[in-house]
Amino acid sequence: MEYLDVVDEENNLTGKTEERDIIHAKGLWHREISVWIMNQNKELLIQKRAATKKQGANNWSTCAGHVDIGEDPQKTAIREIKEELGIEVKETELEYLFTEKISVVLSNSYNNIFSYKYLLKTTALIEDYKINLEELSEVRYISFDEVEQLMKDKPKNYPFASKAYMPEMLELLKKK
């Protein structure tokens, strides 16, 4: 079982912890990270979640995950990159972008989160990633033009493309 810190609606630790499924069932506030990985060609890495995942199976996303009990969000980002993509990253390589407060009703649960957004610039090629097949089935780079098209089309299996923050995120990434 995965336990997480519970935070209040202002992102302050409450001193309480709870099991992940209960956090989602009750709609308790918690923390997650999302890492946008950009190569030297200004392409963004997206990853397809494994078909066996409880949430978001077969959906394309960024590298993301829950912040464990007592864990710093930046350390979570480093851990998730290693777990999902098999590459080592130093703290100095991650650039903090912003934190988004998100409240979403899912089919059978709630996701009330503070999502810490990071950028990782890399020279890694697709073949450099050693994906964890329990987490992912595929990774690929896409251009800013492709992201803009996804934002217009809003395909169901690319949920990041319809997020409210995406226009701001894309403009921010273009400047990096």
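Along each chain, residue indices are assigned from 1 in the same order as the chain's sequence is written. A pLDDT threshold of at least 70 governs which residues receive local features in this predicted model, and a stricter bar of 80 or more applies before side-chain atom pairs are shown or counted, although totals over entire chains, interfaces and linings include all residues. The basis for every side-chain value is the complete set of non-hydrogen atoms in the structure, without hydrogens or water.

Asks: Can you walk me through the nonpolar core in this structure?
Replies: Generally speaking, a soluble globular protein has its nonpolar side chains buried in company with each other. If you look at the biggest cluster of nonpolar residues, it comprises 24 residues, and the most contacted ones within it are Val-35, Ile-37, Ile-81, Leu-85, Leu-94 and Tyr-129. Of all the secondary-structure elements, those providing two or more residues to this core are strand S3 (29–39), helix H2 (73–85), strand S8 (110–122) and strand S9 (136–142). In this structure, Ile-81 is in contact with Val-35, Cys-63, Gly-86, Ile-87, Val-89, Leu-94 and Leu-120, ignoring residues within four places of it in sequence. If you look at the next biggest cluster of nonpolar residues, it comprises 21 residues, including Leu-44, Trp-60, Ile-142 and Met-151. To define a nonpolar core, start from buried Ala, Val, Leu, Ile, Met, Phe, Trp, Tyr and Cys residues and group those joined through side-chain atoms within 4.5 Å. Residue burial is assigned from relative accessible area. The probe radius is 1.4 Å, only protein chains are included, and a residue is buried under 20% of its type maximum, exposed over 50%, and partly exposed in between. Helix and strand labels come from DSSP, where a helix needs a run of H or I of at least four residues and a strand needs a run of E of at least two; each type is numbered from the N terminus. Every residue pair with non-hydrogen atoms within 4.5 Å of one another is taken to be in contact.

Asks: Help me out: how do you make sense of the side chain of Asn-59 in this one?
Replies: Structurally, the position occupied by Asn-59 is in the loop between strand S4 (44–49) and strand S5 (60–61). The contacts of Asn-59, once residues within four sequence positions are left out, are Gln-47, Lys-48, Arg-49, Lys-156, Asn-157 and Pro-159.

Asks: Hey, could you run me through the packing of aromatic side chains in this one?
Replies: The geometry of an aromatic ring pair is captured by two quantities: the separation of the ring centres and the angle between the planes. Working definition: a ring pair exists when centres of Phe, Tyr or Trp rings (six-membered ring for Trp) sit within 6.5 Å. Plane angles under 30 degrees give stacked, over 60 give edge-to-face, the rest tilted. A full pass over the atoms with the stated rule returns 7 aromatic pairs. Each ring, one from Trp-29 and one from Phe-114, has its centre 5.3 Å from the other, and the planes form 45 degrees; the classification is tilted. Within this pair, whereas Trp-29 is found in strand S3, its partner Phe-114 is found in strand S8, the two being separated by 85 residues in sequence. On the accessibility criterion, Trp-29 (12% relative accessible area) is buried.

Asks: Just checking my understanding: could you explain a nonpolar patch on the surface for this structure?
Replies: Only residues whose relative accessible area exceeds 30% and that form no salt bridge are eligible for patches; like-charged ones are grouped when within 9 Å, while nonpolar side chains (Val, Leu, Ile, Met, Phe, Trp, Tyr) are grouped when within 5 Å. In this description, accessible areas are obtained by the Shrake-Rupley approach with a 1.4 Å probe, and a residue is regarded as covered only by the protein chains that are shown. A carboxyl oxygen of Asp or Glu within 4 Å of a side-chain nitrogen of Lys or Arg is what we treat as a salt bridge. Together, Met-1, Tyr-3 and Ile-69 give the surface a local cluster of nonpolar side chains, amounting to about 380 Å² of exposed area. For Met-1, a relative accessible area of 83% corresponds to the exposed category.

Asks: Can you walk me through helix H3 (residues 144–153) in this structure?
Replies: Side chains of residues three or four places apart in an α-helix project in the same direction, reflecting 3.6 residues per turn. When we look at burial in H3, the residues that qualify are Phe-144, Val-147, Leu-150 and Met-151. Here the buried residues of H3 occupy an arc of 115 degrees about the axis, which is enough to place them on one side. Exposed residues on H3 whose side chains face more than 90 degrees from its buried face are Asp-145, Lys-152 and Asp-153. Once H3 ends, the next one or two residues include Lys-154, with phi positive near 50 degrees. For this quantity, the arc is that covered by the directions from the helix axis to the C-beta atoms.

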